[in-house]
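Close look at the chain arrangement
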Protein chains: 2
Amino acid sequence: MPVFKAPVQDTLFVLNDVLGIERYANMPGFADVGPDLLEAITAEAAKVAEEVMFPVNLSGDQEGCVRNHDASVKAPKGFKAAFDQYCQGGWLGLSMPEEFGGQGLPYTLHSAVSEYLISANMALMMYPGLTQGAIAAILEHGSDAQKQTYVPNMVAGTWTGTMNLTEPHCGTDLGLLRTKAVPQGDGSYKISGQKIFISAGEHDMSDNIIHLVLARIEGAPEGTKGISLFIVPKFMVNEDGSLGARNGVSCGALEHKMGIHGNATCVMNYDDATGYLIGGENKGLAAMFVMMNEARLGVGLQGLSIGEIAYQNAAQYARERIQGRSLSGPKAPNLKADPIIVHPDIRRALMTMRAFNEGGRAFALWTALQSDIAHRSDDAKARETASDLLGLMTPILKGVMTDKGFDHAVMAQQVYGGHGYIEEWGMSQYVRDARIAMIYEGANGIQALDLVGRKLPANGGRAVMALFNEIGAFCEENRSNEALSGFTKVLKKGLNDLQASTMWFMQNAMAKPDNAGAGSYDYMHMFGIVVIGYMWARMAKVAEAELAAGNSPREDYLKNKLITARFYMDKVMPETALRKTRIETGADTMMELAAEAF
Amino acid sequence: MPVFKAPVQDTLFVLNDVLGIERYANMPGFADVGPDLLEAITAEAAKVAEEVMFPVNLSGDQEGCVRNHDASVKAPKGFKAAFDQYCQGGWLGLSMPEEFGGQGLPYTLHSAVSEYLISANMALMMYPGLTQGAIAAILEHGSDAQKQTYVPNMVAGTWTGTMNLTEPHCGTDLGLLRTKAVPQGDGSYKISGQKIFISAGEHDMSDNIIHLVLARIEGAPEGTKGISLFIVPKFMVNEDGSLGARNGVSCGALEHKMGIHGNATCVMNYDDATGYLIGGENKGLAAMFVMMNEARLGVGLQGLSIGEIAYQNAAQYARERIQGRSLSGPKAPNLKADPIIVHPDIRRALMTMRAFNEGGRAFALWTALQSDIAHRSDDAKARETASDLLGLMTPILKGVMTDKGFDHAVMAQQVYGGHGYIEEWGMSQYVRDARIAMIYEGANGIQALDLVGRKLPANGGRAVMALFNEIGAFCEENRSNEALSGFTKVLKKGLNDLQASTMWFMQNAMAKPDNAGAGSYDYMHMFGIVVIGYMWARMAKVAEAELAAGNSPREDYLKNKLITARFYMDKVMPETALRKTRIETGADTMMELAAEAF
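All of these numbers come straight from a predicted model, not from anything done at the bench.

The rules we used
- Residues numbered from 1 in each chain as written.
- Chains lettered and ligands numbered in written order.
- Predicted model: local features only at pLDDT ≥ 70, side-chain atom pairs only at ≥ 80, totals over all residues.
- Heavy atoms only, no water.
- Helix = DSSP H or I, 4+ residues; strand = E, 2+ residues; numbered from the N terminus.
- Rg over C-alpha atoms; globule rule 2.2 N^0.38 Å.
- Buried < 20%, exposed > 50% of the residue type's maximum accessible area, 1.4 Å probe, protein only.
- Contact = heavy atoms within 4.5 Å.
- Areas by Shrake-Rupley, 256 points an atom, 1.4 Å probe, with all protein chains shown as cover.
- Domains from an automatic or database assignment.
- Buried area = accessible area lost by both parts, 1.4 Å probe.
- Salt bridge = Lys/Arg side-chain N within 4 Å of Asp/Glu carboxyl O.
- Polar contact = N/O pair within 3.5 Å; in protein donor to acceptor, adjacent residues only side chain to side chain.
- Nonpolar A, V, L, I, M, F, W, Y, C, P; charged D, E, K, R; others polar.
- UniProt positions renumbered as here; feature names shortened; annotations may be inferred.
- Phe/Tyr/Trp six-rings, centres within 6.5 Å; stacked < 30°, edge-to-face > 60°.
- Lys NZ or Arg CZ within 6 Å of the ring centre and 35° of its normal.
- Least-squares fit on C-alpha atoms with pLDDT ≥ 70 in both.
- Core = buried A, V, L, I, M, F, W, Y, C linked by side-chain atoms within 4.5 Å.
- 1 Å grid on protein atoms, 1.4 Å probe; cavity = no way out; pocket = protein on both sides within 12 Å on 5 of 7 lines; lining within 4 Å.
- Points joined across faces, edges and corners; volume = space filled by probe spheres on them.
- Disulfide = S-S within 2.5 Å.
- Axes fitted to C-alpha atoms, helices over the stretch in contact; angles between N-to-C directions.
- Parallel < 35°, antiparallel > 145°, perpendicular 65-115°, else oblique.
- Left-handed = near helix turned anticlockwise from the far one by under 90°.

1. Focus on the overall build of chain A
Broken down by element type, chain A carries 18 helices and 11 strands. Computed over its C-alpha atoms, the radius of gyration of chain A comes to 24 Å, within 12% of the 25 Å expected for a compact globule of 598 residues. For chain A, the spread of C-alpha atoms along the three principal axes comes to 75 × 60 × 60 Å. Buried residues in chain A amount to 64% of all 598 residues. Counting contacts in chain A only where the partners sit at least 6 residues apart, residues at least 24 apart contribute 73% of the total. Within the structure as shown, chain A displays about 20400 Å² of accessible surface, and the carbon and sulfur contribution to it stands at 52%.

Shown next as structure tokens:
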């Protein structure tokens, strides 16, 4: 049976020692966020993840959701009880504004604990995850009345939320969407159409479901310029806040998915359902992007979360399974064979996962901190810089961490040999669950295009220049520090490759845009490798300094941190050169074949 | 719904033009194997694959196998009928000796058509696949009486076969196995123990099942030196060849697997089952390796097969799905959006799959040809060279092609976006099915170790030196051919990297064996990249020559071949440098952490 232990010590190292979260005490919600509070909250979240969420993860996968004849949907056994406990603990509203019942704590902290909870039960955590995205959109684009009507119940988790974008013929290209909205003269609209792949679209976990639905108002322009966003509650909400009649929205079917079986992924039919405009006529995309950006950070976290739990289980199995002898002579001579963790190829898998998990954790929390600064700082310049960085990092976090999360679930499954292929051992679920994160909220190829086509050139390349300067300055500052030179040299080499490829795009994509598209995926991964390398160099710096000062109570932890940092520099960073070479060979061989020739 | 079309033209190009199979006409079974026979047989196999096997593939996955209360097992609907048609067509015995009812044709041809059949239905093709492995073991190690008793019925497919190696505590390390064999004094043994993960262990597709079972004769030495192989029929076979009483072997449970649901993967319980020794007391491993090597080639083919069908479906979807506009302006202005095949990142995926499929096909058939030469040539030196090469290529074909087959199934699934995650579209099945090929018949990490630890040093490196010389000579011979220099230069660079890493192992693994283990996986993939690159250079040479001669009836096909060859050189070959760098950083950072620290 799978195991899980929330990596609390590592989270605290990142928040306290690497990011120095105490330095932000002047931002709203950060005042009390010091080591003590962080330790208390992460420990409590670990308990919820390990003891409440995790026990119903494998059973939730095996049982799945069931749609009844009346189109109602039942989540797996134990899901509602676990979700209730999560909500009662205030976790859904951890970083939500206090005026709507939240705790107003940093989004960074929310991200830190969400990692554990998603590791423990990704499918279950999608119910609050979608709700948080919907809350963000209502808070940013809703009227005061809409906020009062919907947000407090959603923060409490008594109502949940959804995002309704996709239609059968329309995924990435929202300009094609057909769902119709007809104004009723009383400020409301009648919404009709079909949406697919709607996570948490219908279920028995909450009293009401608040659907945020993209639709086209009758007579609106074609394409993305004619899209509006609507609030469509499952049950109408009376003046006094009580629930009224059932609205004209229902679950037409559950999708038969490869994974996340515990999440009710629905075909949703809108049949003259009453909806309320949010964010202005034909301004739906802007409002939707608030949800989408939030969701993309959440999905990036899913990659990390599954990578972490897969790693933990692979490590446990590798310590317990005995098979064969070490190449350098028996390590457990009293047993009939050595535990397989003595084999270098098993170590290769474990260290690869570990290096991305620890580096990815720092990356995710550093990115989350930019979101806090962008929204909460009183310094306009700091907000701008953080917002730039957040925009730049979002596609990378989403694209790279979900690719890696899946790769690592596959790698962990491989450590199990044949047992990894058997559902009862739990590793197949991680692979199947992790797979969706590469697809939804913008397939990873779309993230790569967003990075190269939109985020790079934005504001004349301001965001990317600032980050290159920051990483370059870090290398320069620490160049004379002998203990760190092994890290900064490799990092600088990676940065050079990344800068060269950025330059190559500038020189070669203008005349031939396909050159940007052709290299975008390599570029996204190269960028991820360098940014995570930067995180590793910063972590190494902290670890070196604390070890050099002596008497650290966490000496082993820090030494292991340095070994893992070196592994990353040795084995992962060299990949930037390959990515650069591929980018520079351009689009030609990709685009030459006629479509019919494939 | 998924589609499939057997890539007959490409197979014929490889067999006729690249491998020049007519040159081997003097070998038994090769006399009539010219373009006409090849065209007829591949066309007929294509029909069986497309029209008989493929229609029950998706339904077989969804339905799965069922174990009844009496421990009998039912394969999915339509499986037996499809298998019967396959057997009646003589496909199971295509390359088996004529004296046992086979057609005696080349194993190379068997491999070529098996690719199609596995693409069409991997789970179904495992039933004959295991049977062929069992036949090979009986032919090589069985007595004449055993051959006469079992082989004709197995070649006809009225009886099927299995391999029983794995036990719950014993997979890779067969020395740990516990299944017991007690001699009965009449030449037979009583076999008792439990085997797991037994493919095709129990089912309703054949009249009898011939289990080949590894067990330890009472009093035999510990470890692998005390293992013997036994024939254990499901039904006893009477003197006259008719079926007698049920033997003491039964299916205890079906495994709940991630994929290959159509294959009955069984826990097999042996309870004083009657067995007959094959291959001599305590000589079980040698006999088992006949099956195992055969199986490894078959599993490598599975990687190719799934990669091919996944590619075909991704290409079809990319041509039909419209979404977004080309970066270089609308390509289908009459439609609301362009087909996604115009997007470079979709092309990147398609071309990557295509390059590995076509290169991998040549690699697989070239390897299969070595097997034919090793077994059928009358020239001892040729047999030795081919046998060396076959041994060297087996772990690479198995390890690299199955890793790639899985990667490409995932890549193809990604092209589908959200639909790729929905079971009805069929892409999830390819991912789930392909996953097992990386694990069974020796997990790919074991293949890497076999390559570095056994195949490289065998006979003082004779096999690897011969191959390096062959590839080096090819580059040298074609150096002055301007049309080919783009290929030979890149190939030579890859070969240099591979040779340098080989040298590095020689210099660094003797003193510290973990250095070999640490780099083995990178080395295996690097080797695969170079060998497939060699195949591409050879294919490019044929294509260039035919195009230069003018008036080719397959001009488009050859031009596309050259584009794909250039893609491979541009985008794939540079990976050898990364692999080399990783190998040369050695084992240190992998092995430093204490086991408990993971």
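Further notes follow.
2. Thoughts on the domain arrangement of chain A
All names here are of chain A. Considered domain by domain, chain A is made up of domain 1 (287–443) and domain 2 (452–590). Summarising the inter-unit geometry, the C-alpha centres of domain 1 and domain 2 are found 19 Å apart. The partner domain 2 presents 26 residues to the 25 residues of domain 1 that form the contact. At the boundary of domain 1 with domain 2, total buried surface from both sides reaches about 2300 Å², with 73% on carbon and sulfur atoms. Summed over the shared surface of domain 1 and domain 2, the result is 3 salt bridges. Among the ionic pairs, R462 bridges to E384, the shortest N-O distance being 3.6 Å. On inspection of domain 1 and its partner domain 2, the count reaches 7 residue pairs in polar contact (both at pLDDT 80 or more). Ranked by the residues each element gives to the side of domain 1 that touches domain 2, the list is headed by helix α10 (residues 380–415), at 13 residues. Residue composition of the side of domain 1 that touches domain 2, grouped by class: 13 nonpolar, 5 polar and 7 charged.

3. Let's talk about the UniProt feature "domain: Acyl-CoA oxidase/dehydrogenase middle" (unreviewed entry) in chain A
As annotated in UniProt, the feature "domain: Acyl-CoA oxidase/dehydrogenase middle" (unreviewed entry) corresponds to residues 163–272 of chain A in the numbering used here. Split by type, residues 163–272 of chain A is 0% helix and 50% strand. Its first and last C-alpha atoms lie 18 Å apart.

4. Looking at the side chain of T367 of chain B
Residue and element names in this part refer to chain B. Examined against the element boundaries, T367 turns out to sit in helix α9 (residues 344–376). The buried category is assigned to T367, whose relative accessible area is 1%. Setting aside residues up to four positions removed in sequence, T367 forms contacts with L297, L390, M393 and L397.

5. With respect to the packing of aromatic side chains
Counting across every chain of the model gives 33 aromatic pairs over all chains. Note on Y416 of chain B and W425 of chain B: the rings are 6.1 Å apart at their centroids and 75° apart in plane angle, and the pair reads as edge-to-face. Take Y416 of chain B: its relative accessible area is 6%, and that puts it in the buried class. The structure contains a cluster of three or more aromatic residues connected by ring pairs, namely F468, W504, F505, Y523 and F527 of chain A. In this structure, R348 of chain A packs its charged tip against the face of Y521 of chain B, placed 4.1 Å from the ring centre. R246 of chain B extends its terminal NZ or CZ atom over the ring of F235 of chain B, reaching a point 5.6 Å from the ring centre.

6. As for unusual backbone geometry
Residue and element names in this part refer to chain A. Positive phi values are uncommon outside glycine, yet A71 reaches one of about 75°. When you line up the elements, A71 lands in the loop between β1 (66–67) and β2 (73–74). Of the residues examined, A71 reaches a relative accessible area of 11% and is grouped as buried.

7. Remarks on the relation of the copies chain B and chain A
Least-squares fitting of chain B to chain A yields an RMSD of 0.0 Å, with the superposition described by an axial translation of 0.0 Å and a rotation of 180°. This pairing of chains is accounted for by a two-fold axis. Ranked by how close their C-alpha atoms come to the rotation axis, the residues of chain B are headed by L578 of chain B, at 3.3 Å. The overlap is high: 99% of the interface residues of chain B also sit at the interface in chain A, so the same surface is used on both sides.

8. Concerning the interface of chain B and chain A
In this assembly, 88 residues from chain B lie in contact with 87 residues from chain A. The junction of chain B with chain A conceals about 7900 Å² of combined surface from both sides, 60% of it contributed by carbon and sulfur atoms. Together, Y421, K571 and F598 of chain B form the three largest contributors to the area buried by chain B at its contact with chain A, with a combined 11%. The interface formed by chain B and chain A contains 6 salt bridges.

9. Comments concerning the nonpolar core
In this structure, Y523 and F527 of chain A together with Y523 and F527 of chain B are the most contacted members of the largest nonpolar core, which totals 422 residues. In contact with F527 of chain A, not counting residues within four places along its chain, are L392, M393, I396, L451, V464, L467, F468 and L498 of chain A.

10. So, empty space enclosed by the protein
This model, assessed by the stated rule, comprises 2 cavities of 30 Å³ or more. Volume-wise, the largest cavity comes out at about 410 Å³. Lining the largest cavity are 28 residues, with G129, E294, A295, G298 and V299 of chain A sitting closest to its centre. Taken together, the elements giving at least two residues each to the lining of the largest cavity come down to α5 (107–120), α6 (122–141), α8 (284–320) and α9 (344–376) of chain A. The computed volume of the second largest cavity comes to approximately 60 Å³. Looking at the second largest cavity, the residues that line it are Y107, S111, L297, G298, L301, A364, T367, A368 and L397 of chain B.

11. Concerning the state of the cysteines
Residue and element names in this part refer to chain A. As enumerated under the stated definition, the model contains 0 disulfides over all chains in all. Considering cysteine sulfurs only, C266 is the nearest to C65, which forms no disulfide, with 7.8 Å between them. Among the cysteines around C251, which has no disulfide bond, C266 carries the closest sulfur, lying 3.8 Å off.

12. Let's talk about the environment of G420 of chain A
Residues and elements named next belong to chain A. One can find G420 in the loop between α10 and α11 (427–437). Along the sequence, G420 and A314 sit 106 residues apart, while their C-alpha atoms lie 9.5 Å from each other. Those residues in contact with G420 that sit more than four places away from it in its chain are Q413, M427 and S428.

13. Description of the pattern of salt bridges
What the rule picks out here adds up to 68 salt bridges over all chains. In this structure, the salt-bridge partner of E575 of chain A is R582 of chain B, at a minimum N-O distance of 3.7 Å. With E575 of chain A in helix α17 (residues 575–584) and R582 of chain B in helix α17 (residues 575–584), this residue pair bridges two chains. Each member of the pair, E575 of chain A together with R582 of chain B, is buried. Note that R579 of chain B is salt-bridged to D522 of chain B, the shortest N-O span being 2.8 Å. With a gap of 57 residues between them, R579 of chain B in helix α17 and D522 of chain B in helix α15 (residues 514–549) connect regions that are remote in the sequence. Neither residue differs from the other here; R579 of chain B and D522 of chain B are each classed as buried. One network of salt bridges, in which partners are shared, links D522, E575, R579 and R582 of chain A together with D522, E575, R579 and R582 of chain B.

14. Considering the UniProt feature "domain: Acyl-CoA dehydrogenase/oxidase N-terminal" (unreviewed entry) in chain A
The positions that UniProt labels "domain: Acyl-CoA dehydrogenase/oxidase N-terminal" (unreviewed entry) are, in the present scheme, residues 80–157 of chain A. Counted over residues 80–157 of chain A, helix gives 72% and strand 0%. Its end C-alpha atoms are 11 Å apart.

15. Overview of the side chain of S114 of chain B
Take S114 of chain B: it is sitting in helix α5 (residues 107–120). If near-sequence neighbours (up to four positions away) are discounted, S114 of chain B is found in contact with L301 and S305 of chain B.

16. Details of the packing of α8 of chain A against α10 of chain A
All names here are of chain A. Taken N-terminus to C-terminus, the directions of α8 and α10 make an angle of 25°; their axes are 7 Å apart at the nearest point. By the angle between their axes, α8 is roughly parallel relative to α10. Seen along the crossing, α8 lies across α10 with a hand that is left-handed. Partitioning the contact of α8 with α10 into residue classes produces 15 nonpolar, 8 polar and 2 charged.

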